[in-house]
Each structure stands twice: as structure tokens, then as C-alpha cells.
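Summary of structural features
Each chain is listed here by its residues.
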Amino acid sequence: MSRTVTTLTAQELAERLGGTLDHCPPDRPISEVKPLEEAGAGSVSFLANPKYAGKAKESAAGLILADPDVDLGDLPVLRLKHPYWAFARAIGWLHPEPAPDWSDAPVHASARIGEGCRIAPGATVGARTVLGKGCVLYPGVHVGDDCELGEGCELFPGVVVYRRTRLGDRVTVHANSVVGSDGYGYVLVDGHHAKIPQVGWVEVGDDVEIGACVTIDRGVLGPTRIGSGTKVDNQVQVAHNVQVGSHCLLVAQTGISGSTRLGDYVTLAGKVGVVGHIEIGSRSVVGGNSVVAKSLPEGSFVTGYPARPHREWAEAQAALNRLPRLMRQLRKG
Amino acid sequence: MSRTVTTLTAQELAERLGGTLDHCPPDRPISEVKPLEEAGAGSVSFLANPKYAGKAKESAAGLILADPDVDLGDLPVLRLKHPYWAFARAIGWLHPEPAPDWSDAPVHASARIGEGCRIAPGATVGARTVLGKGCVLYPGVHVGDDCELGEGCELFPGVVVYRRTRLGDRVTVHANSVVGSDGYGYVLVDGHHAKIPQVGWVEVGDDVEIGACVTIDRGVLGPTRIGSGTKVDNQVQVAHNVQVGSHCLLVAQTGISGSTRLGDYVTLAGKVGVVGHIEIGSRSVVGGNSVVAKSLPEGSFVTGYPARPHREWAEAQAALNRLPRLMRQLRKG
Amino acid sequence: MSRTVTTLTAQELAERLGGTLDHCPPDRPISEVKPLEEAGAGSVSFLANPKYAGKAKESAAGLILADPDVDLGDLPVLRLKHPYWAFARAIGWLHPEPAPDWSDAPVHASARIGEGCRIAPGATVGARTVLGKGCVLYPGVHVGDDCELGEGCELFPGVVVYRRTRLGDRVTVHANSVVGSDGYGYVLVDGHHAKIPQVGWVEVGDDVEIGACVTIDRGVLGPTRIGSGTKVDNQVQVAHNVQVGSHCLLVAQTGISGSTRLGDYVTLAGKVGVVGHIEIGSRSVVGGNSVVAKSLPEGSFVTGYPARPHREWAEAQAALNRLPRLMRQLRKG
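Bear in mind the structure is a predicted one, so any value in this text is a computation, not a measurement.

**Things to note about the sheet that holds strand 5 (residues 43-46) of chain A**
Residues and elements named next belong to chain A. One open sheet accounts for five strands, arranged 2-7-6-5-4; its pairing is mixed. Because the sheet does not close on itself, it has two edges, and the strands there are strand 2 (20-22) and strand 4 (32-33). Strand direction decides the pairing type here: strand 6 (residues 63-66) and strand 7 (residues 77-79), joined by three bridges, are parallel. Paired with Ala-66 across the bridge in strand 7 is Arg-79.

Given below as C-alpha cells:
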């Protein structure tokens, strides 16, 4: 992978963002944006909500963007008014997306194409992208710059793989699906939804099959992951930073919101919706058209909106069907 | 924009459609089809439902297609049996879609490409289309005839922009999205769903971001609109003649039915469905997976199917969960 | 159509699959996999569930894959442990998908293109595919090998038609839709979801219009069918082996699960979900956002989740809205 490294000092960041440094040497070099739990000495991180101050205290971040009056002891802090927006701007400076590196050749000269690959006329492969042996790219497939595909991948017509995507071995993607598009992340600043740059990527394991017109967004800073052996049906939507385990089944028109984690062997039946930032334990089954609004332990079997244990839901539905009669009886006295 | 103008006299329309003219000079020239409220002296409009006769009386339409026995005073009327179907046929005659104007060159010779644009190999730009400065078209992008794109637009691989679409400045559209496809409009005639020609267009404001695999249909006669600063997530569907205000958030897999209007700063969370022909007031928030079946005043916060004030919905759900026990208790006496 | 015919003897199948032949001459030639009801002397079929043994007894199949101890009288059986998985493997051997037959020419030399067709630069047509008169293929359209399109079909940019698809006359498909992608079929074997090869096709009747970003999967062994005059809105998903009748309306974001059958003039309003293996009678109407979980007789009008007669659903919703107050009253005594 090729990424330009940009470095700014803490002082430069403070000047650009308009804040005050606390407990941080002004010349500290900062070259990446990271979540608190992954941050190191050269990272800037941020604390959006003062109630997570404890998490900040465990972080090794070289600099933390935070509100002016939050108490962070002697941690290195850049105090400013809108830390989430500052974080978004810092991503843009430290992780700039290079312009696409197009050439007139459909396969970029710097791409490495494995033995036995078949690349149809009208398919394109970006700069520095590596294809394993025996991959098949149908007409109109576009694989962006700096991607890595394993062996025996098959991409049907119109599939778009954004830059830096990593597919394992024997991954099949059906027509017009999109892997690696920008996640949906904005912060409201002065009445405008300012974009949080989405500079992460998508990692797909081995033996994954992805249906047609599926969308899988890249992570904000790190990966969105689809585990090995997982099968994704048509028109499924996977938001940024979602982590799907191995051997899961995501049936058609299901949508998973950002940062949610699924264990292994999870089944989401058709048209399921899952809110963000929750965990669904391994071997759970969610009935069709259900909406999962809370984390679920391993082996759950839930249905409904909001999803609850299947038996409870069935009882509530049965009771609801009898309710009009009950109300008529009560009215009669 | 280039559109062929066809003119028919009122008498010619009467002959083709098989109806009777009332209060209308037979030689009146008619050159466009318009809704009652936008119609002028050269327009033909239609009254599908006699209960809207009042609206017809305020119209300046040169000719109104209406049922044989509806009372419209001395308005100029073409009386016939199936005014909606007549309207559909009149669109086809007065607003014929020209055949696509393809050339062997990927960028049509009549297109005007702004300074600093980058057009990837395999992207195509249609006849008379204008691109502002600094637009980026990825491989496999297809922009139709007579489109106008502002400055700094970025269209990812596989994006399709149908003819006559207008995008503002700094509009980003992610891979495999479709802007300007035909709306879903048919009228049942003799057991067949006859197509209402969809000859409108799509207008997108400035600073709009559109996710992957989104579909936005053109209006029937006029525009479908997405206001400036609005952000549209993956797999959202926007039907014909929908008017979305500025700075709205339309989260993944949401669908908005025809002619519905959203104010500004409206949030529709994931998988929301909105029926047609309603209004959602500014700053309203609709919870995920809800179905909005009625107009909502400004600042509403609704959830559920059908959507109701969030607190009511939460109470009803809580009551529903207790209902099976209540019924068991009542049965015991 | 060109398909390679492979033949194996019953004995060869038994050896490859590791089972025991019963009442079947070992040299019986088997050249196709078929469902029980369509199977003939040269077909192998399978019985996944012993409770359907009756159906097996009416079958003319030359060989039936079944569990070791199911009683099938003197039917020709190959007894083995995992008949569904054996069936999947047999499909792979007897119905191998040939590699795509690409050439450098966008239209394959063996394709037959009707008079007056317009094929845009960047569109591709596969080997042995036949286009009727006056078809229009926009830029970036990909029609696979061995397809048949009738007269006057119009395929908008980015449409992908997989191999062996058959479209009738005057079929319109809007941008980025996919017709003929693999169905979603797997069988769990030793902790892996093994793929059931999807070797069927899609058949679309005359005068069908298909919206943008629609997905229609091919059948497992036979066709998925969309009847003449049916209109399919944007982002609809039709699973493998679904049979949709004539003149149906499938509104946006609706999904139909595998093997379900719709009669004629059925309307599924927006965002409807239909489970698999049921029948919806002709002239039925399903309200928006409903979930159909059971077969429906002709002329049904249902709503809700699960869908029930519209009036029942409306009553239950009204009662639910009054329920919190009722519960407060009961608590007070």
C-alpha cells in the first residue's frame, strides 16, 4: 500500500484548529489520527463526550482533542470548542486521499496481475493493485488503486472496488455491487453537515460471496470487515466500521448500521435492520424484517420491531390480534 | 438545453384523443403538458378527479382534459372518457424524448468540459452536456445528453446520470448510483399498465453527497429536487417529483414515494418509508424503520409503523409487551 | 442455447458421492439434475425431507438422492448421508457453467444483432446472444453469453444481463439493474456454507419495465419468471425461482423470497417483504411495508407485519394506540 505520510507538530495543529495546548510539547510530531484505544505517541485522538474521560486516561495518544473544560489530568490535550469537527479536519490533513492514478491503459502499469487471471475488455485495475492467481474480472469491473485481491476471485460486470480494499481468496462479487464506498459520516457545523473524511478500507475474508447491488462502506480510519465464509445476499447494506464474523448469512435487503459487530454463524434474515454500535452474539438468528435495537447474547433467536425473543414476539402478536375483541368486551362491561 | 417543440391545435388533440371540445377555439395552439397550477395559455392540463374542479377553475390552462360530465363552467375543456390516459398520450406527443445522441468519442463533440476536469478512460459524456471546472468522472461513469454539472463534482465508477439532470457545485455521487431514471407511473388501460411518459428531470443543489446504489427518479413533467447540503446514504430511493429541502439526512435504505415534500434539516433514519403526496416539516426526525403515512408539522419526532410521536409509540410498545400477561390475568378472572 | 452435456452413470455418481445404490442399474446414464416433479429417466433428483416421500413416489426420476433409511419402496435410490449436499455437487458436475467467452470485440462475433439495433460504445454482447430488431443498448451495458432479447428492448447504462437470460419484446431495464445473478443458496457442510450451484436462468415476458438498481436472480435449475406487462420499480429484489404473473406492480424496495409465486395483477406496494415458497393469488394488493408470511387467496387486500386483512390490521393498530390508556385504567381499578 502506498500512503503519503504528512506530519504536523502539535503547535501547528493548535494553530490550524484554533485551540490551546495543555501538557503537550508544542513540537511533538503528529502523523496520524486514531481512535483513543489504538492511538500511540504520534497519534492525535479525540474525546467527543466528557463521560468517556476514563477511556482517554488509558490512551497512549500523543494528543487528544477535547472540550475546553473537561478534566483530563495531565494528559496531552488540545482544548477547543468542537473536538469532533477538529478531528474531522485533522483526518483531512493527516490522511489526504491522493487523486486517482489513471492511465490510458485499462490495467495500470504498476498493477501486479497473477498467473491465469482473465481481465475482460472494459475492466480497469488501478495503480499498485495486486491480483492473485486466476482472478476473473468481467466487463465494466473497476478495481481502484492499492487494492489486494487473493487467488481465484470472480468479479461480475459493473462491480466497483474502491481503493485499498482487500479481498481474500475465492471471493465472488456479483454485478453492480460496491465495496469500499465512503461511510456516511458528518458533523453539523454552523448549519452545514461537514464531512468526516472516510479514509479506512474494507477487508473481506476467504470464500465470501457477495450478491448483486450490495454496498459495503469503508471504515472511517480502520477497516470494515466481512469474515471468511460469510455469504451476503443482494441489496445488503453494510455501514462503516461494521465487523461481521465468519460464516454469517446476511439475507437480501438487510442493513447494518455503523460500528456494529456480529459474531460467527449469525443469520440475519431478509430486510433486517440493525442499529449501530451494538454486538450480536455468535449463532444468533434474527427473523425477517426485524429491527435489532440492542445487543444480543450468543445464540439469540429474535423477531419483530424492536426485535425480542421470538416466543415473546409471537405471543405479543397473538395478543394484539385478540385485542380489538377484548376492548369491545370491556366496553360492554 | 435542447428540446424539440411540437405544437398541436386543440382540434388535433381532440381528434387524436377522441373527445369533444367545450369553450375552446379549435385552432388554439397547444405545445406543452403542465399540471393545473403551472399551466398557461399554450398548455394542456388534466382533471383526474372531479372533486378538484375548484383547482381547475383557478388554472390558466389553455385546455383541460376532463371527464364528459364534470361541471367546469366555461373553462376550455376537452371532454373524454379517460382523462389520465389522454394526459399520458399527450405527454408522449408534445414532449417526445429524442433518441440518445451517441458518437464514437467517449465525450461528445458538443459537450463543454470545464477547466481541470478529469474524465477517466471508459467514462462517457453526452451531447450538449456542460461540466463545470474541476469535475472528476471515474471509469464507467455515464452522463447523458443535455446535463449540467457545476464545479468540482466527483462521480465514482458506474454512476449513471440520465439526460437533462442538473447537479450543483461540489456534488459527490458514489459508485453505481442512478440519477434521473424514469419515475414509476402507469395508468391501467384495457387491462394493461400503460406508461405515463416521464419527461421531467432531477435537480440537485450544491454540496450534496449521494451514496452508492442510490436511485433518484426524474419528475413526470418537472423536477425532482434534492436541496443543497443534503446527504443521501447508500441504497436510498427517491421517487418522481419528490422535493427534498436543504441540509436533510436520508439514511440508508430509506424510500420516499412520489411528490412528497421534505422541509430543511429533516432526518429520515435508516430504512424509513414515506408515502407519497405528503409534507414533512423542517427539522423533523423520523426514527429508523418507521413508516410515515401522514404529513408531519415542523419539528416532529416520530417512530413506528405507522409513525406517531415517539413517546406514544414507546408507550404502545411497552403496553404491547405487557399485553399477553394482562390477557392471562383477565382470563383467570 | 449452447450447453455442454455431461453424462455420468448411476455407479459413477455413487462412487463420487459415497453412497449405496438401491433398485437402480449401475450403468444407468444420468445427464441432468431436476426437481422430483420434472425429473425423467435421465435425471437425478433428491429428497431432502422424508415427509415428502409421497412426492418421490410420483416422480419419474432415474435416480433419487435420499437419506440411508427413508422408505421409498422400489424406487431407484442413491442412499447417502447428506442428500442436499450431494444434490449440490451433482449440479456442479452435470451442469458445469462454461467460462465466459470473451473476445476483444465488444459484440462477440457469434452474436446475432437484429436490424436497427443501436449498441453504444462501451456496451458488450456475449457469445451466441441474439438481439431482436430495434434494441437499444446504452453505454456500459453488459449482456452475457447465450441470451435472447426480443424486439425493441431498451437497456439503460450499466445494466447487467447474465448468461442465458431471455427477455421478451419491448422490455425496458433502467440503469444499473441486474438480471440473472446467482440465487442465494447454500448448504451447511462441516461448518461451511457450501454453494448450491445456480444454473437456471431468468425469463421476462413482453412489455415489462424494470426500474433502476433492481436485482432478479436466476433459478437454481430452471427459470425465475416475470410475466408480461409487469412493472418493477427501483431497488426491488426477486429471489431465485420466483414466478411473478402478468401485469403485476412491484413497487420500490420490495423483496420476494425464493420460489414464491404471484398470480396476475398482483400489487405489492413499496418496501413489502414476501417469504419464500408461498402463493399470492391474482388481483391481491399488499399495503406498503407489509410482510407477507402466508399464502393469500385471490383478491386479498392485506397490510401489516405479518400481513393480515387490511381491516383487521387497522383495528388492531387502533386498539394498540388505546392500549396504554386502558392499562392505566385497569391499574387504577
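**Some details on the relation of the copies chain C and chain A**
Superposing chain C onto chain A requires a rotation of 120° together with a translation of 0.0 Å along the rotation axis, leaving an RMSD of 0.1 Å. Such values leave the two copies arranged in the relation of a three-fold axis.

**Details of the domain arrangement of chain A**
Residues and elements named next belong to chain A. Domains assigned within chain A are domain 1 (8-94) and domain 2 (112-310). On a C-alpha basis, the centroid separation for the pair domain 1 and domain 2 is 31 Å. On the side of domain 2, seven residues touch domain 1, which itself brings nine residues to the contact. For the side of domain 1 that touches domain 2, the element with the most residues is helix 3 (residues 83-94), which contributes five residues.

**Some details on helix 3 (residues 83-94) of chain B**
Side chains of residues three or four places apart in an α-helix project in the same direction, reflecting 3.6 residues per turn. All names here are of chain B. Over its twelve residues, helix 3 extends 16 Å from the first C-alpha to the last, a length consistent with the 16 Å expected when each residue adds 1.5 Å. Burial within helix 3 is extensive, with nine of its twelve residues counted as buried. Taken together, the buried positions of helix 3 are occupied by Pro-83, Trp-85, Ala-86, Phe-87, Ala-88, Arg-89, Ala-90, Ile-91 and Leu-94.

**Remarks on the interface of chain C and chain A**
At the interface, 39 residues of chain C touch 35 residues of chain A. Of all elements in the fold, only strand 19 (178-181), strand 21 (192-195), strand 24 (215-217) and helix 4 (310-332) of chain C reach the threshold of two or more residues within the side of chain C that touches chain A. With seven residues, helix 4 of chain C is the single largest residue contributor to the side of chain C that touches chain A. Grouping the amino acids of the side of chain C that touches chain A by side-chain chemistry returns 17 nonpolar, 16 polar and six charged.

**Here we look at the pairing of strand 19 of chain C**
Residues and elements named next belong to chain C. Of the pairings in the sheet, the one linking strand 16 (residues 160-161) to strand 19 comprises two bridges and is parallel in character. Each residue of the ladder has a partner; that of Val-160, found in strand 19, is Val-178. Alignment of strand 19 against strand 24, held across three bridges, turns out to be parallel. Bridge assignment links Val-179 to a residue of strand 24, and that residue is Ile-216.

**Here we look at the interface of chain A and chain B**
In this complex, chain A contributes 39 residues to the contact, which on the side of chain B involves 35 residues. At the level of secondary structure, the elements contributing two or more residues to the side of chain A that touches chain B comprise strand 19 (178-181), strand 21 (192-195), strand 24 (215-217) and helix 4 (310-332) of chain A. Tallying contributions element by element places helix 4 of chain A first for the side of chain A that touches chain B, with seven residues. Residue composition of the side of chain A that touches chain B, by class: 17 nonpolar, 16 polar and six charged.

**Let's talk about the sheet that holds strand 19 of chain A**
Residues and elements named next belong to chain A. If you trace the nine strands from one edge of the open sheet to the other, you get 10-13-16-19-24-27-30-33-36, paired in parallel fashion. Taken across any chain shown, the strands that pair with only one partner, and hence form the sheet edges, are strand 10 (124-125) and strand 36 (291-292). Pairing of strand 30 (residues 255-256) with strand 33 (residues 273-274) involves two bridges; the strand directions are parallel. Its bridge partner lying in strand 33, Ile-256 is registered against Val-274.

**Some words on the nonpolar core**
With 201 residues, the main nonpolar core has Leu-137 and Val-292 of chain A, Leu-137 and Val-292 of chain B together with Leu-137 and Val-292 of chain C as its most contacted residues. Leave out the neighbours within four places in its chain, and Val-292 of chain A touches Val-272, Val-274, Val-275, Ile-280, Val-286, Val-302 and Ala-307 of chain A.

**Notes on the packing of helix 4 (residues 310-332) of chain B against helix 4 of chain C**
Running from amino to carboxyl end, helix 4 of chain B crosses helix 4 of chain C at an angle of 70°, the nearest separation of the two axes being 9 Å. The pairing of helix 4 of chain B with helix 4 of chain C is recorded here as roughly perpendicular in orientation. The interaxial crossing formed by helix 4 of chain B with helix 4 of chain C has left-handed handedness. Contact with helix 4 of chain B, carried on its side by Glu-315, Ala-316, Ala-319, Leu-320, Arg-322, Leu-323 and Leu-326 of chain B, involves Leu-320, Asn-321, Leu-323, Pro-324 and Met-327 of chain C of helix 4 of chain C and no other residues of that element. For the contact of helix 4 of chain B with helix 4 of chain C, the residue count by class is nine nonpolar, one polar and two charged.

What counts, and at which threshold
- Residues numbered from 1 in each chain as written.
- Chains lettered and ligands numbered in written order.
- Predicted model: local features only at pLDDT ≥ 70, side-chain atom pairs only at ≥ 80, totals over all residues.
- Pairing = 2+ DSSP bridges.
- Helix = DSSP H or I, 4+ residues; strand = E, 2+ residues; numbered from the N terminus.
- Least-squares fit on C-alpha atoms with pLDDT ≥ 70 in both.
- Domains from an automatic or database assignment.
- Contact = placed C-beta atoms within 7 Å.
- Expected span 1.5 Å × (residues − 1).
- Buried ≥ 20, exposed ≤ 12 C-beta atoms within 10 Å, placed from the backbone.
- Nonpolar A, V, L, I, M, F, W, Y, C, P; charged D, E, K, R; others polar.
- Core = buried A, V, L, I, M, F, W, Y, C linked by C-beta atoms within 7 Å.
- Axes fitted to C-alpha atoms, helices over the stretch in contact; angles between N-to-C directions.
- Parallel < 35°, antiparallel > 145°, perpendicular 65-115°, else oblique.
- Left-handed = near helix turned anticlockwise from the far one by under 90°.

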